[in-house]
Amino acid sequence: EWTMDKFVDQEIERIRALVGDKGQVIGAVSGGVDSTVAAKLMTRAIGDRFHAVLVDNGLLRLNEAEQVKETLTKHLGINLTVIDASEQFLSKLSGIHDDPEKKRKIIGGTFIDVFLSKAKEIEKAAANTANAGPIEWLLQGTLYPDVIESISFKGPSQTIKTHHNVGGLPSKMSLKLIEPLRELFKDEVRLLGAELGIPPDLVWRHPFPGPGLGIRIVGEVTPEKIRIVRQADSIFISEIRSAGLYNQISQAYAGLYSVKAVGVAGDKRVHEWVIVLRAVTTTDFMTADGYEFEWGFLKGVMRRICNEVSGVSRCVYDPTSKPPGTIEQE
Ligand code: XMP
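None of the values given here were measured: they were computed from a predicted structure.

Reading guide: rules and limits
Residues numbered from 1 in each chain as written. Predicted model: local features only at pLDDT ≥ 70, side-chain atom pairs only at ≥ 80, totals over all residues. Heavy atoms only, no water. Salt bridge = Lys/Arg side-chain N within 4 Å of Asp/Glu carboxyl O. Helix = DSSP H or I, 4+ residues; strand = E, 2+ residues; numbered from the N terminus. Buried < 20%, exposed > 50% of the residue type's maximum accessible area, 1.4 Å probe, protein only. Expected span 1.5 Å × (residues − 1). Arc of directions from axis to C-beta. Contact = heavy atoms within 4.5 Å. Axes fitted to C-alpha atoms, helices over the stretch in contact; angles between N-to-C directions. Parallel < 35°, antiparallel > 145°, perpendicular 65-115°, else oblique. Left-handed = near helix turned anticlockwise from the far one by under 90°.

Peer 1: Before we go on, may I ask you to explain the pattern of salt bridges in this structure?
Peer 2: Two side chains bearing opposite charge may form a pair once their charged atoms approach each other closely. Applying the stated rule across the entire model yields 15 salt bridges. For the salt bridge of lysine 118 with glutamate 121, the shortest nitrogen-to-oxygen distance reads 2.9 Å. Of this pair, lysine 118 and glutamate 121 both sit in helix H5 (residues 100-126), three residues apart, which is roughly one turn of the helix. The closest approach of N and O atoms between arginine 304 and glutamate 239, which form a salt bridge, is 2.8 Å. With arginine 304 in helix H11 (residues 295-308) and glutamate 239 in helix H10 (residues 223-242), this pair connects stretches of sequence that are 65 residues apart. A relative accessible area of 27% means that arginine 304 is categorised as partly exposed. In this structure glutamate 239 comes out as partly exposed when scored by relative accessible area, which is 24%. If you follow the salt bridges from partner to partner, you end up with Arg61, Glu64 and Arg205 in one network.

Peer 1: Explain helix H3 (residues 64-75) to me, please; I cannot follow it from the model alone.
Peer 2: Residues that lie three or four places apart on an α-helix share one face, since the helix turns once every 3.6 residues. The terminal C-alpha atoms of H3 lie 16 Å apart, and with twelve residues this matches the ideal 16 Å at 1.5 Å per residue to within 8%. Among the residues of H3, Glu64, Ala65, Val68, Thr71 and Leu72 are the ones counted as buried. The buried residues of H3 all sit within an arc of 140° when viewed along its axis, so they share a single face. Of the residues in H3, the exposed ones pointing more than 90 degrees away from the buried face are Glu66, Lys74 and His75. On the buried face of H3, the contacting elements are helix H2 (33-46), strand E2 (50-56), strand E3 (80-84) and helix H9 (200-203). Where H3 ends, the next residue or the one after it, glycine 77, has phi of about 65°, a positive value.

Peer 1: Sorry if this is basic, but what is going on with the packing of helix H4 (residues 86-93) against H5 here?
Peer 2: A pair of packed helices is captured by two measures, namely the crossing angle of their axes and the spacing between those axes. Between H4 and H5, the shortest axis-to-axis distance is 10 Å and the interhelical angle comes to 150°. Classed by the angle they form, the pair H4 and H5 counts as roughly antiparallel. Of the two possible hands of crossing, H4 and H5 adopt the one that is right-handed. Across from Gln88, Phe89, Lys92 and Leu93 in H4, the residues of H5 making contact are Lys103, Ile106, Ile107, Thr110, Phe111, Asp113 and Val114.

What follows is the structure, given as structure tokens:
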């Protein structure tokens, strides 16, 4: 009979047998459920010989880097390094305004550079420890649906998923891949997360894309727009939570269109940014439906965002289904 605790024991044994008793394993974490579960499993198996790396690309949500650090290190005991590479990412994104694919490539490429140079540092530092040995393995939180998708996506549609977790990094690093979740579906990963003591908030967290706010800000990414989107998103999500809607919605966020619209503030006309609110329900993220909020809820969120976030004159709600839209904006 298959049970979660047996799965954990078996995976830990399998990981130990694979990596041996010397050498290091590295893996990027995002604070999402997949990478956190994979990292926790790896930590149970080999302790601090597993090195988790969080790259702060400057495109994370409000206080996200700090919160992920707190949960992963204090609560889960994961050996984590946080790299603040915000400036590097933002300076490369500056001036890119009408090419979403280019944004993704810049963000993905910079991520690889930052991650690789950190890997080299970690390897050097580990050379003088009791567990001396090179990094031979790269941990990835690939799930079964990712495996299937990357096999079936061939031809022109491949470009739909240039962001994919599968591929890219390992070949550049000549590392062997270790993917403890590759036979699991999302709901099984959540169960596994609960079994490993990962807090429910994290286990049930909505997905957040690797390029982060970079694909929720339509047009050029600037520090001001990031500040605005962070505040607006935090208000929207906290209203969703207080209304008890978080777990009925698959993904929700505030984004920003790079246009300014006129509004009134007090007795003055202003010319400020437009916030777009988006919330969807979906089972597989390949198709999705706009979430039907009550009108009063949306008006409450709009009022708070326009009042509390400086630089915003309007909020719009985007109910577009997928297709024809996508869940993100770019
Ligand atoms: P779209 O916008 O394509 O999103 O309907 C479907 C799901 O995939 C996520 N997504 C990404 N995840 N890197 C990621 O790691 C990306 O470049 C990326 N683009 C979209 C999106 O958040 C949604 O859950």
